[in-house]
Amino acid sequence: MKLLVVGGGGREHAIIKKLRENPAVETIYALPGNGGIAADAICVPEIGAKDIDAIVAFAVEHRVDFAVVAPDDPLALGCVDRLHEAGIPCFGPDAKAARIEASKVFSKNLMKKYGIPTADYQVFDDPAKALEYLRTASFPIVVKADGLALGKGVLIPQNLQEAEAAVKSIMEDKVFGASGNEIVVEEFLTGPEVSVLAFTDGTAIAPMVSSMDHKRAGEGDTGLNTGGMGTIAPNPCYTPEMARLCMDTIFLPTLAAMRAEGCPFKGCLYFGLMLTAKGPKVIEYNCRFGDPETQVVLPLLKTDLLTVMQAVENETLGDLTVEWRNGAAACVILASGGYPGHYEKGKVITLPTSLPENVTIYHAGDTLTAEGHLVTSGGRVLGVTAVADTLVEALQDAYTTADAIDFEGKYLRRDIGRRALAAARN
């Protein structure tokens, strides 16, 4: 089989490595891929993830048997729709279903209409009316740009002055472009956060192992929000009882709501949950695999990934038992100094000559020079994932390998998994 994976980050590398386990897979193309992915797939760096015309033309020309569209932008732009029109089976939602992430207004209104628990909210398309509302609000409060914003469109003002700055930045200065034409202002929820990715064919659903992300740049959850500085799985806060409750009150009602709205969701649906004192609530939906959650969840998958993805595409997921291995996984992100702000590129990366069997390095932001050297090209450069019987062992192995990797300006958080270990003890 010839496969095509759209995207070029750590998430895509994790997907590609898992797809390669299927003996029927002969070739995987990565569009655009990256320097490290080139060891596992044929990278096509000249075709970007948002160049839908070029992606479809490439898939047709190379007679691709199955495609996986991983990032949010091409999903929202209708990449799956176009591939299907060209007769190519693929994994991922169509553009109508991808609105569950691409429009915060759509997803919040969906939850309200169908009684899915989420934070109370208001929608504004006029900055003056938003400010008028905020002057009567209690803080902290959450301000979200409606559209996609590279995971950075959520601000949490602690006071009115910060709220005014948030509204000005999103709606007037257009820091996120047209994504900020509308905003959602919602109550600030508290409690443990849980990420649950789920395979779904629109009707059947197979939740993956739960995980815990670490969004802030600094230790102790301080500093700016990032795309994620590390993850662990499973999340100890997500008990079997909580999983059953979420299935009944959130997961199945969400799928039913999408079907009722005429946009059934097929692909990977990400549930960002807050376990509040009043029960689990949805913070956000994503229409795709999370990054770096994928890097700890897929290594725990026992069932063949391509088989699962084909069952989703063929709407036969209900006939398949998706199995997971026991144990734990931990991923530590190695970032460029200065990320998520300004950072330098082109720093030579030195990797260990050999790795323990239970450790994988996922490449996110690097490129190969003409001389064959791996150099940094992004904010999040590498993700080091270890799988072990316990979270303590997984973290120890991930950090040992992370410390054996070198590039100028390398930084990482030393407290990945600390909250999870504390929660497990309690």
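Shown above is the structure to which this text applies.
Below is a summary of the structure that appears in this document. It should be emphasised that the depicted structure is a prediction, and the values quoted were computed from it without experimental measurement. (Residues numbered from 1 in each chain as written. Predicted model: local features only at pLDDT ≥ 70, side-chain atom pairs only at ≥ 80, totals over all residues. Heavy atoms only, no water.)

1. Some remarks on the overall build of the chain
Phase 1 of the analysis: In terms of helices and strands, the chain carries 13 helices and 23 strands.
Phase 2 of the analysis: Scaling as 2.2 N^0.38, a compact globule of 426 residues should have a C-alpha radius of gyration of about 22 Å, and the chain matches this with 21 Å.
Phase 3 of the analysis: In terms of overall dimensions, the chain has a C-alpha envelope of 60 × 45 × 45 Å along the principal axes.
Phase 4 of the analysis: Relative to its full complement of 426 residues, the chain shows a buried share of 55%.
Phase 5 of the analysis: Surface exposure of the chain reaches about 17600 Å², of which carbon and sulfur atoms provide 49%.
Phase 6 of the analysis: Considering the chain, the positive charge centre built from 39 side chains and the negative charge centre built from 54 side chains are found 3 Å apart. (Helix = DSSP H or I, 4+ residues; strand = E, 2+ residues; numbered from the N terminus. Rg over C-alpha atoms; globule rule 2.2 N^0.38 Å. Buried < 20%, exposed > 50% of the residue type's maximum accessible area, 1.4 Å probe, protein only. Areas by Shrake-Rupley, 256 points an atom, 1.4 Å probe, with all protein chains shown as cover. Lys, Arg positive; Asp, Glu negative; His and termini not counted. Charge placed at Lys NZ, Arg CZ, Asp CG, Glu CD.)

2. A short note on the layout of surface pockets
Phase 1 of the analysis: The volume enclosed by the second largest pocket comes to roughly 370 Å³.
Phase 2 of the analysis: Lining the second largest pocket are 15 residues, and of these Val154, Leu155, Ile156, Leu224 and Asn225 sit closest to its centre.
Phase 3 of the analysis: For the lining of the second largest pocket, the secondary structure elements donating two or more residues are strand S8 (154-155), helix H8 (160-172) and strand S14 (222-225). (1 Å grid on protein atoms, 1.4 Å probe; cavity = no way out; pocket = protein on both sides within 12 Å on 5 of 7 lines; lining within 4 Å. Points joined across faces, edges and corners; volume = space filled by probe spheres on them.)

3. Structural notes on empty space enclosed by the protein
Phase 1 of the analysis: By the definition in use, this model includes three cavities of 30 Å³ or more.
Phase 2 of the analysis: Of the pockets and cavities examined, the largest cavity occupies roughly 50 Å³.
Phase 3 of the analysis: Together, Ile100, Lys104, Ser107, Lys108, Met111, Lys144, Ile283, Glu284 and Tyr285 line the largest cavity.
Phase 4 of the analysis: Looking at the lining of the largest cavity, the elements with two or more residues in it are helix H6 (104-114) and strand S17 (279-286).

4. A closer look at the sheet that holds strand S11 (residues 205-207)
Either a parallel or an antiparallel arrangement is found when strands of a sheet pair, and the pairing is made through backbone hydrogen bonds.
Phase 1 of the analysis: Overall, antiparallel pairing links the four strands, which are arranged S11-S10-S16-S17 in an open sheet. Looking at which strands have only one partner, the edges of the open sheet turn out to be S11 and S17. The mean angle between the axes of side-by-side strands here comes to 35°, regardless of whether they run parallel or antiparallel.
Phase 2 of the analysis: Pairing analysis gives eight bridges linking strand S10 (residues 193-200) to strand S16 (residues 267-276), with the strands arranged antiparallel. By the bridge assignment, Leu197 is partnered in S16 with Tyr270. (Pairing = 2+ DSSP bridges. Axes fitted to C-alpha atoms, helices over the stretch in contact; angles between N-to-C directions.)

5. As for the pairing of S17
Phase 1 of the analysis: Among the eight residues of S17, six are classified as buried, and the element is accordingly described as predominantly covered.
Phase 2 of the analysis: Across seven bridges, S16 lies against S17 in antiparallel orientation. Paired with Leu275 across the strands is Pro280, a residue of S17.
Phase 3 of the analysis: Between S16 and the antiparallel strand that follows it, S17, lie two residues.

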